[in-house]
Amino acid sequence: MHLTELEAVNLIRGAVGKAPVSTLQTENPDVRAAQSRLKNTALELQANSWWFNTELSVSLAPDASGDIIYPSSALEVRPQDPFAYLTIRGGKLYNPNTQSFTFTEAVVVDMLMVLDFNDLPYVAANYTMYAAARKFLSDFDGDPQRISELARDEQGAYIALKTAEQRNRRVNVLHQAGPLRLMGRLQPRYTGNRILFT
């Protein structure tokens with residue numbers, strides 16, 4: 001099942017008593033405001049690492065000038081080297097330790113990406129939609145009872161999202177460092193948010 005941006009915008013507008021629209025290609029200020037709230041809420045969600053917006057072990061190579069240009073849809077880069085510290089400045093990777101944009105070799109990183117609403121998995125899109133609707137209604141000083149109802153829908157959607165996160169991350173207490181050491185046979189090697197066994 002897939003949730004579209006149009007469906008989300010219509011639910012958000014419906015929270016303030018507006019009729020649904022058949023297209024987002026409009027200059028209607030209510031539609032634009034609902035889209036903006038939806039986009040901001042999706043961005044807030046994806047500022048954290050989820051299974052659907054985290055790309056692991058991405059090799060970023062410098063260009064001829066030694067610059068590493070990061071994808072415009074990346075929110076954050078996390079070097080896999082535990083001693084490296086990198087950040088994003090001016091569309092390029094920057095090393096605060098050396099105060100330099102110049103790199104001599106590729107850097108392996110995990111990246112947090114921003115996905116369009118239409119590319120979000122259903123549980124993430126559903127949570128974003130209800131969270132945006134509650135905030136949109138609050139922006140207009142809406143009915144407190146209706147805000148409370150949307151908050152309950154939002155909470156239920158968030159629980160479903162966290163459940164999907166645990167399922168997709170394959171969270172298992174036996175994969176933690178302590179139990180692995182006790183078992184003695186497997187040595188964990190950490191790669192981003194996953195553990196590989198060697």
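Procedures and definitions
- Residues numbered from 1 in each chain as written.
- Predicted model: local features only at pLDDT ≥ 70, side-chain atom pairs only at ≥ 80, totals over all residues.
- Heavy atoms only, no water.
- Helix = DSSP H or I, 4+ residues; strand = E, 2+ residues; numbered from the N terminus.
- Buried < 20%, exposed > 50% of the residue type's maximum accessible area, 1.4 Å probe, protein only.
- Contact = heavy atoms within 4.5 Å.
- Areas by Shrake-Rupley, 256 points an atom, 1.4 Å probe, with all protein chains shown as cover.
- Core = buried A, V, L, I, M, F, W, Y, C linked by side-chain atoms within 4.5 Å.
- Polar contact = N/O pair within 3.5 Å; in protein donor to acceptor, adjacent residues only side chain to side chain.
- Phe/Tyr/Trp six-rings, centres within 6.5 Å; stacked < 30°, edge-to-face > 60°.
- Lys NZ or Arg CZ within 6 Å of the ring centre and 35° of its normal.

### Quick notes on the overall build of the protein chain
Point 1. The number of helices and strands found in the protein chain is five helices and seven strands.
Point 2. When the helices and strands of the protein chain are read in sequence order from the N terminus, they spell out α-α-β-β-β-β-β-α-α-α-β-β.
Point 3. Per-residue burial for the protein chain yields a buried fraction of 34% across its 198 residues.
Point 4. Across the protein chain, the fraction of contacts at a sequence separation of at least 24, relative to all contacts at a separation of at least 6, is 64%.
Point 5. Approximately 11700 Å² of the protein chain is accessible, and the part contributed by carbon and sulfur atoms is 50%.

### Points about the nonpolar core
Point 1. Among the nonpolar cores identified, the biggest contains 27 residues, and Ile12, Leu38, Leu45, Phe52, Phe117 and Leu161 are the most heavily contacted of them.
Point 2. Elements represented by at least two residues in this core include exactly α1 (5-14), α2 (29-46), α3 (122-139) and α4 (144-169).
Point 3. Here the element with the most residues in this core is α3; it accounts for ten residues.
Point 4. Setting aside anything within four residues of it in sequence, one finds Phe52 in contact with Leu45, Gln46, Leu115, Leu120, Pro121, Ala124 and Leu161.
Point 5. Among the nonpolar cores identified, the runner-up in size contains 13 residues, and Ile68, Val77, Val109 and Met113 belong to it.

### Examining the environment of Glu27
Point 1. With respect to the secondary-structure elements, Glu27 resides in the loop between α1 and α2.
Point 2. For Glu27, the side chain forms a polar contact with the side chain of Arg32, separated by 3.4 Å.

### With respect to the side chain of Thr54
Point 1. Secondary-structure assignment places Thr54 in strand β1 (residues 54-60).
Point 2. Overall, Thr54 belongs to the buried group, its relative accessible area being 12%.
Point 3. Within the structure, the side chain of Thr54 is placed 2.8 Å from the backbone oxygen of Trp50, a separation counted as a polar contact.

### Description of the packing of aromatic side chains
Point 1. Applying the stated criterion across every chain yields a total of six aromatic pairs.
Point 2. Pairing Trp50 with Phe52 gives two aromatic rings, centres 6.2 Å apart and planes at 15 degrees, and the pair type is stacked. Exposure class is identical for Trp50 and Phe52. Each is buried.
Point 3. Centre to centre, the rings of Trp50 and Tyr158 are 6.5 Å apart; their planes meet at 90 degrees, and the pair counts as edge-to-face. With Trp50 in the loop between α2 and β1 and Tyr158 in helix α4, the pair connects residues that are 108 residues apart, well separated along the chain.
Point 4. When its relative accessible area of 33% is taken as the criterion, Tyr158 is described as partly exposed.
Point 5. Through a chain of ring-to-ring contacts, the aromatic side chains of Trp50, Trp51, Phe52, Tyr127 and Tyr158 assemble into a single cluster.
Point 6. The lysine or arginine in question, Lys92, covers the ring of Phe101, its NZ or CZ lying 4.7 Å from the ring centre.

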